[in-house]
Amino acid sequence: MKRQEQANPQYILAAVACFFLFLWTISSSGDDDADDPVAAKLVASQVASKAVVTGTPAGIIPASRPYNAEEESRYNFNLLDEYVEIYHHYDVGTSGLVVKDMLYAHAYSYGQSVTYGGSCGESSKLHETHLELLSSLGVQDVLPFRCQRDSPDDGKRRRTIPDTVFQSDGTHVFTPEYVAYLRTKVTFPPKTDNRFTIAVHIRRGKSYKTPCKVGHKEGYTKYLSNAYYQRLIDAYMQPGARVAIYSAGDSEESLDEFRQRGYEVHVDEPMGDAWKTMATSDVLILSRSVFALLPALVNKGHVVYTRFWLDPIDAWDVVDDTTLALADDDLQKAKEKLNCA
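What you see is a predicted model, and the numbers here were worked out from it, not measured in a lab.

1. So, unusual backbone geometry
Then comes step 1: Here the phi dihedral of serine 113 falls at roughly 60°; this positive angle occurs in a residue that is not glycine.
Then comes step 2: By the secondary structure assignment, serine 113 is in the loop between helix H5 (95-111) and strand E3 (114-120).
Then comes step 3: With relative accessibility at 26%, the residue serine 113 sits in the partly exposed group.
Then comes step 4: A positive phi angle is found at aspartate 268, which is not glycine, with a value near 55°.

Spelled out as structure tokens, the structure:
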């Protein structure tokens, strides 16, 4: 019968020592950051930064697909066919409406992998204002005012399409890939103020002038009261934040109450300056208006959307129904304060 071999005690002791050394290494490695004040401060900074960027206040439905730099870096943008160009007719309305149509047509062209030729038509008295806005973000050549007849005879295929074609999908045409592509075409101005910035567009003037005579469109009241905007500002407020309010035209509700809070209030000032701040702000609060559509699309922070006739995109935070119902209460209080008949 073969003799059974016995294990060498020295090997056993060495194995046990290695095992306990391994356990000690695991248990102690997790405490390195706690013992290192620099590392601990970095972790705390990362947590705080994440809370500011991704945290969504109560009463707001968070964006289902917020800005993600890593995701955008992986996009392989469509190669546009430079031999096919699409044009559309010029809208003679406000700058917001003009640029909205241009964005729809530009996004439609991108989705079809063809080149956007431009917006064609007679210039209005607001033409210089349109150009000022587009130039403020460096997209005057990306979204040009140009007609098919203005192009050279170079063999390219050009056609003018009706708005029923390029607007048929609504805001769904602004896909995440298109928005990422649009950002590559925008010249983002440097932030002149490093504070956490909340930019607010308050639509006033004409049918937005007073809560006493509220206009409606597609079932929505056009007017949003000062108190409602203040609710949204409070929801996103950070200590030491900068709040910049942009408006135009007359308003029966005085905007002085915002000045008294220490906010910047810009009324009837160059609109290009408004777009620059809106595009680079940490939070952009929209009115029921398309004026800020372009800066809202390219903004990389929180874009706060109150439901109206233009649907939101997935990257925006949406005011929920409970908070939205408070808008009606705020509007009624504004009417009572102004003694509306």
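2. A look at the nonpolar core
Then comes step 1: Leu103, Phe174, Tyr178, Met278, Leu294, Leu297 and Trp316 are the most contacted members of the largest nonpolar core, which totals 55 residues.
Then comes step 2: Here this core takes nine residues from H5, the largest share from any one element.
Then comes step 3: Other than its neighbours up to four places away in sequence, leucine 297 contacts Leu103, Phe174, Val179, Leu182, Arg183, Ile313 and Trp316.
Then comes step 4: Membership of the second largest hydrophobic core comes to 24 residues, among which are Phe196, Val265, Val283 and Val304.

3. Some points on the side chain of histidine 130
Then comes step 1: Tracing the sequence through the fold places histidine 130 in helix H6 (residues 127-136).
Then comes step 2: At 3.1 Å, the side chain of histidine 130 and the side chain of tyrosine 90 are in polar contact.
Then comes step 3: Excluding its chain neighbours within four sequence positions, the residues that come into contact with histidine 130 are Tyr90, Gly93, Thr94, Ser95, Val98, Ser124 and Phe145.

4. Focus: the sheet that holds strand E9 (residues 264-267)
Then comes step 1: Pairing in this open sheet of seven strands is mixed, and the strands run E1-E12-E11-E10-E5-E8-E9 from one edge to the other. The open sheet has two free edges, formed respectively by strand E1 (60-61) and E9, since each of these has just one partner strand.
Then comes step 2: Here strand E11 (residues 302-305) runs beside strand E12 (residues 317-319); their pairing, made up of two bridges, is parallel. Note on E12: the bridge partner recorded for tyrosine 305 is valine 318.

5. Some details on the layout of surface pockets
Then comes step 1: The space that makes up the largest pocket amounts to roughly 950 Å³.
Then comes step 2: Residue lining of the largest pocket: 41 residues in total, with Thr94, Gly96, Arg203, Ser289 and Phe291 positioned closest to the centre.
Then comes step 3: The biggest single contributor to the lining of the largest pocket is H5, with five residues.
Then comes step 4: Among the residues forming the lining of the largest pocket, the class breakdown is 15 nonpolar, 14 polar and twelve charged.

6. Examining the environment of alanine 292
Then comes step 1: Tracing the backbone shows alanine 292 in the loop between strand E10 (283-285) and helix H12 (293-298).
Then comes step 2: With 17 residues separating them in the primary sequence, alanine 292 and tryptophan 275 have C-alpha atoms 7.1 Å apart.
Then comes step 3: When residues no more than four places from it in sequence are discounted, the contact partners of alanine 292 are Trp275, Met278 and Leu286.

7. Side note on helix H11 (residues 271-280)
Then comes step 1: Burial runs high along H11: seven of the ten residues are buried.
Then comes step 2: Listing the buried residues of H11 in full gives Gly272, Ala274, Trp275, Thr277, Met278, Ala279 and Thr280.
Then comes step 3: Those residues of H11 hidden inside the fold are in contact with H5, H6, strand E5 (197-201), strand E8 (242-247), E10 and H12.

8. Notes on a negative patch on the surface
Then comes step 1: On the surface, a cluster of negative charge is contributed by Glu132, Asp250, Glu252, Asp268, Glu269 and Asp273.
Then comes step 2: Relative to the assigned elements, glutamate 269 resides in the loop between E9 and H11.

9. Observations concerning the packing of H5 against helix H8 (residues 176-185)
In helix packing, the relevant descriptors are the interaxial angle and the interaxial distance, both defined with respect to the helix axes.
Then comes step 1: Contact geometry of H5 with H8 gives a least axis separation of 10 Å together with a crossing angle of 110°. Here H5 lies roughly perpendicular to H8, going by the angle between them. H5 and H8 meet at a crossing whose hand is right-handed. In this structure, H5 uses Leu103, His106, Ala107 and Tyr110 to contact H8, whose residues at the interface are Glu177, Tyr178, Tyr181 and Leu182.
Then comes step 2: For the contact of H5 with H8, the per-class residue count stands at six nonpolar, one polar and one charged.

10. As for the pairing of strand E2 (residues 81-89)
Consecutive residues of a regular strand have side chains that alternate between opposite faces of the sheet.
Then comes step 1: With six bridges joining them, E2 and E3 adopt parallel strand pairing. Within E3, the position partnered with aspartate 81 by the bridge is valine 114.
Then comes step 2: In the classification by handedness, the crossover that spans E2, the intervening H5 and the parallel E3 is right-handed.
Then comes step 3: Of the strand pairs in this sheet, E2 and strand E4 (residues 157-160) are connected by four bridges, and their pairing is parallel. By the bridge assignment, glutamate 85 is partnered in E4 with arginine 158.

11. Considering the confidence of the model for the protein chain
Then comes step 1: Across the protein chain, the average pLDDT comes to 83, with 83% of residues at 70 or higher.
Then comes step 2: Predicted confidence for residues 20-54 stays below pLDDT 50, and this span has nine contacts to residues more than four positions away or in other chains.

12. Examining the packing of H6 against H11
Then comes step 1: One way to put it is that H6 packs onto H11 with a least axis distance of 8 Å and a crossing angle of 30°. Overall, the two elements H6 and H11 adopt an arrangement that is roughly parallel. Handedness of the H6/H11 crossing: right-handed. Of H11, the residues touching H6 (which contributes Thr129, Glu132, Leu133, Leu134 and Ser136) are Met271, Gly272, Trp275 and Lys276.
Then comes step 2: Its residues assigned to classes, the contact of H6 with H11 comprises four nonpolar, three polar and two charged.

Rules of the game
- Residues numbered from 1 in each chain as written.
- Predicted model: local features only at pLDDT ≥ 70, side-chain atom pairs only at ≥ 80, totals over all residues.
- Heavy atoms only, no water.
- Helix = DSSP H or I, 4+ residues; strand = E, 2+ residues; numbered from the N terminus.
- Buried < 20%, exposed > 50% of the residue type's maximum accessible area, 1.4 Å probe, protein only.
- Core = buried A, V, L, I, M, F, W, Y, C linked by side-chain atoms within 4.5 Å.
- Contact = heavy atoms within 4.5 Å.
- Polar contact = N/O pair within 3.5 Å; in protein donor to acceptor, adjacent residues only side chain to side chain.
- Pairing = 2+ DSSP bridges.
- 1 Å grid on protein atoms, 1.4 Å probe; cavity = no way out; pocket = protein on both sides within 12 Å on 5 of 7 lines; lining within 4 Å.
- Points joined across faces, edges and corners; volume = space filled by probe spheres on them.
- Nonpolar A, V, L, I, M, F, W, Y, C, P; charged D, E, K, R; others polar.
- Patch = residues over 30% accessible without salt bridge, like charges linked within 9 Å, V, L, I, M, F, W, Y side chains within 5 Å.
- Areas by Shrake-Rupley, 256 points an atom, 1.4 Å probe, with all protein chains shown as cover.
- Salt bridge = Lys/Arg side-chain N within 4 Å of Asp/Glu carboxyl O.
- Lys, Arg positive; Asp, Glu negative; His and termini not counted.
- Charge placed at Lys NZ, Arg CZ, Asp CG, Glu CD.
- Axes fitted to C-alpha atoms, helices over the stretch in contact; angles between N-to-C directions.
- Parallel < 35°, antiparallel > 145°, perpendicular 65-115°, else oblique.
- Left-handed = near helix turned anticlockwise from the far one by under 90°.
- Right-handed = clockwise from strand over helix to strand, strands pointing away.
- pLDDT = per-residue confidence, 0-100.

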